Structure formats: structure tokens, C-alpha cells
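Residue-level structural notes
Listed here are the chains, written in short residue letters.
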Amino acid sequence: MVLVTFPLRIPDSFNVPTEDWLAIQNDRKNTLDSVCQKNNLLKLRSKLDSLVANQLFVEHKHKLTYCEVPKVGCSNWKRTIFILQAGLEVEASEIEHDHIHQTSLIKRMAAYPPRIQEEFLSNYTKVMFTRHPLERLVSAYRDKLLHSEPYYSTTVANEIRAMFRKNKNSSAKVSFQEFVSFIIAKPMNALDIHWKPMFLLCDPCNIRYDILGKYETLGLDSEHVLKAIGAPESLQYPSLKRYGSEKRTNGDITLEYLRQLNSEQIEKIKKLYEMDFLLFNYTMKYEEYFSLKS
């Protein structure tokens, strides 16, 4: 089955004066710095952690380093990097989802020796994007466990069924409750990148990101990233979606799934993502947050 991407407008790209956007950036960085210090997350390192290096993509023409956080617009950021390298000779809608995640044309930091990695970290514009941890979790479940992706809907799903079902022959789709029970049963560092805490993927306490974007302000922040790296004015961050007939995971959908969990699961999932909540200034009062957001 060929999966086609469909354009979908992201409705947050309103006009915000540059000085206001810079003030928001400063607030995000100050919050992050404070939490890093309070929780002893700053460390002296001789070289970049290999798992983090594997999440970082480099685009040399515009000196960009981008940390990939799955379920936070990363497919479209990788399309953007591809287009920057190709010199605008391709349209975002022409780049299929599977291709952008498999191509060797966009380079990971891990492909370079430590000395060169340090040069990139010192001289390139470093960017990461985050999303409310619980909305990201629901998005990962919907995307990976409810669709026919061989690895997730078969291998991972079978592992979950074996762990939590009395009837070992049951082939019904994995429920959100089962998915969450599976995640909280595993060590944090062993989690799949699609639901691993964001701070572990990108190490923001030790990599000084120049721009801290958020999914909640994706259009606006992306516009400023492209401006900061000197991208051509004609280039805009694309808003393509893999399963175009489905709604994006929003506040209402997130609440719908979270209400399927018991209080113990809620507390454990909050604990798992505690540093993401604190570092990136997301509230744990999710009922209020998503009700206001919707």
C-alpha cells in the first residue's frame, strides 16, 4: 500500500513581532537552564553521546543542526533539510514519508568523527522542537499501533499482547491502556524513540540549542528557524500529514485517550515524562491544559 501525504494547514502562524518571539525564546532557555541546574543534568563530556548523535541531522549549506524528536513534526523538518540541500529543486509534497526516513542524502551527526561533531555543535545553528509529552504519547500510539506498520503493528504489538493478555491467541489491536502499561514497565533508556522522553533524545542541558521550538507554535518557530539560517524566502515549512484522512492528534483526542487510563497509570506516565514537563515548561494539569487548548 502506498501512503500518500496530504497538505494540512497548521493554524498557528500568526504575526508575532520578532522582539516578542525572542522574549519567548529567552523564557524557554531560562526555564531549561534553571531545571538543568536544579536536577544536576549538566555534565562534562569528552564527546557527544552516540545515541544523541544519531538523533542530530546536519545541513551544511545553511549550517543547521536539527535534533529529530519523533511525533513533533520531524518528517516535515527532514523534508525541509532535504529541500535545502537540493537547492529548492524538489517540492515537499513529492518526497514520500518512507523515503525521507530512509534516505542517506540527509546526514546524521553520528556519521562524522567526534572532532568534526564538535565543530558542527560550535558553529551551526542548533534547533530542537518539543510537544506536550502526553499529546506526543497519544500521537505515537495512534500512528504506530493503529496502522499497519510491520514492525510496530506486528513485532511490538505481539510483545505487548504477550505481556498483558491471558488469551495469547488474541489478535485484536493493542489498546491504549496496554500500550501505556508496556511503556511504564520498561527502563526509560530502553524505550523506542517515538515515546522515549525528549530530553534523552536531544540532551538539551549539554547541547546549547540556539532555538527551542514547540509543536504548539510550530509554524511561527519554523519561520524563524528558516530566517535565522538564511534559507531562501520562497521556502516554507511544509504541513504534510502521512495519514491525510485522519485528524491530527489534538487536545480533544488526547483527553479522550488519557481518560481510558487508571490513576496509577496516569501517575506513572507523568513520572516517566517528568523532566520533559519541567525542562520544556509543560503543565501536568493536562485536563485543564487540553480543555483550554481545544
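The sections below set out a description of the structure shown in this document. Note that the coordinates shown come from a computational prediction; the quantities given were computed from them, not determined experimentally.

**Considerations on the packing of aromatic side chains**
On inspection of all chains with the given rule, the structure shows 14 aromatic pairs. Consider the rings of W77 and F129, whose centres lie 5.7 Å apart with planes at 40 degrees: the pair is tilted. Taken together, the positions of W77 in helix α3 (residues 74–86) and F129 in strand β5 (residues 125–130) put the pair 52 residues apart, joining distant regions of the chain. Comparing W77 with F129 shows no difference in burial state: the two are buried. With centroids separated by 5.0 Å and ring planes inclined at 90 degrees, the aromatic side chains of F179 and W195 adopt a geometry described as edge-to-face.

**A few points about the environment of E68**
Inspection of the secondary structure puts E68 in the loop between β3 (64–67) and α3. The exposure class assigned to E68 is buried, which follows from its relative accessible area of 5%. Here the side chain of E68 touches K78 through a polar contact of 3.0 Å, side chain to side chain.

**Some thoughts on the pairing of strand β2 (residues 56–59)**
The alternating pattern of β2 places L56 and V58 and F57 and E59 on opposite faces, both of which are buried. The pairing of β2 with β3 spans 4 bridges and is antiparallel. Residue pairing in the sheet places E59 in a bridge with L64 of β3. Counting the residues between successive antiparallel strands, the hairpin from β2 to β3 contains 4 residues, one of them, K63, with a positive phi of roughly 50 degrees. Sheet topology note: the β2/strand β4 (residues 107–108) ladder contains 2 bridges and is antiparallel. Note on β4: the bridge partner recorded for V58 is K107.

**Comments concerning the sheet that holds β2**
Taken together, the 5 strands give an open sheet; going across it, the order is β4-β2-β3-β5-β6, and neighbouring strands pair in mixed fashion. Lying at the two open borders of the sheet, with one neighbouring strand each, are β4 and β6 (211–214). Its contacts with the sheet place helix α10 (residues 218–228) against β3, β5 and β6, and it is angled at close to 150 degrees to β6.

**Topic: the pattern of salt bridges**
Under the criterion given, the structure shown has 17 salt bridges. Note that D143 is salt-bridged to K71, the shortest N-O span being 3.1 Å. Of this pair, D143 sits in helix α6 (residues 133–145) while K71 sits in the loop between β3 and α3; the two residues are 72 residues apart in sequence, bridging distant segments of the chain. Both residues of the pair, D143 and K71, belong to the buried class. Between D143 and K144 there is a salt bridge whose closest N-O contact spans 3.7 Å. Just as D143 is buried, K144 falls in that class too. The network of salt bridges with common partners includes K71, D143, K144 and E149.

**Here we look at the state of the cysteines**
Inspection of every chain in the model, using the stated rule, returns 2 disulfides. Between the sulfur of C36 and that of C205 lies a disulfide, 2.0 Å long from S to S. One disulfide, between C36 and C205, carries an S-S torsion of -85 degrees and so falls in the left-handed class. Of this pair, C36 sits in helix α1 (residues 18–38) while C205 sits in the loop between α9 (198–202) and β6; the two residues are 169 residues apart in sequence, bridging distant segments of the chain. Judged by its relative accessible area of 6%, C205 is buried.

**Observations regarding the side chain of Q25**
Positionally, Q25 belongs in helix α1. Beyond its immediate stretch of four places on either side in the chain, Q25 contacts D210, I211, L212 and D221.

About the cut-offs
Here, residues in each chain are numbered from 1, in the same order as that chain's written sequence. The model is predicted, so local features are restricted to residues of pLDDT at least 70 and side-chain atom pairs to those at 80 or more, both for listing and for counting; the totals for chains, interfaces and linings are taken over all residues. The basis for every side-chain value is the complete set of heavy atoms in the structure, and neither hydrogens nor water enter the calculation. What counts as a ring pair is set by centres within 6.5 Å for rings of Phe, Tyr and Trp (its six-membered ring), and what kind of pair is set by the plane angle: stacked under 30 degrees, edge-to-face over 60, tilted for all other angles. Only DSSP runs of H or I covering at least 4 residues are called helices, and only runs of E covering at least 2 are called strands; the numbering of each starts at the N terminus. Relative accessible area decides the class of each residue, using a 1.4 Å probe on protein chains only: under 20% of the type maximum gives buried, over 50% gives exposed, and in between gives partly exposed. The definition of a polar contact used here is a pair of N or O atoms within 3.5 Å, where within protein one atom must be able to donate a hydrogen and the other to accept one, and adjacent residues in sequence count solely through side-chain atom pairs. DSSP calls a pair of strands paired once it identifies at least 2 bridges connecting them. Whether two residues are in contact is decided by their heavy atoms, any of which lying within 4.5 Å being enough. Note on method: axes are straight lines fitted to C-alpha atoms, helices fitted across the in-contact stretch only, with angles between N-to-C directions ranging 0 to 180 degrees. By definition here, a salt bridge exists when the distance from a side-chain nitrogen of Lys or Arg to a carboxyl oxygen of Asp or Glu is within 4 Å. Here, a disulfide means two cysteine sulfur atoms that sit within 2.5 Å of each other.

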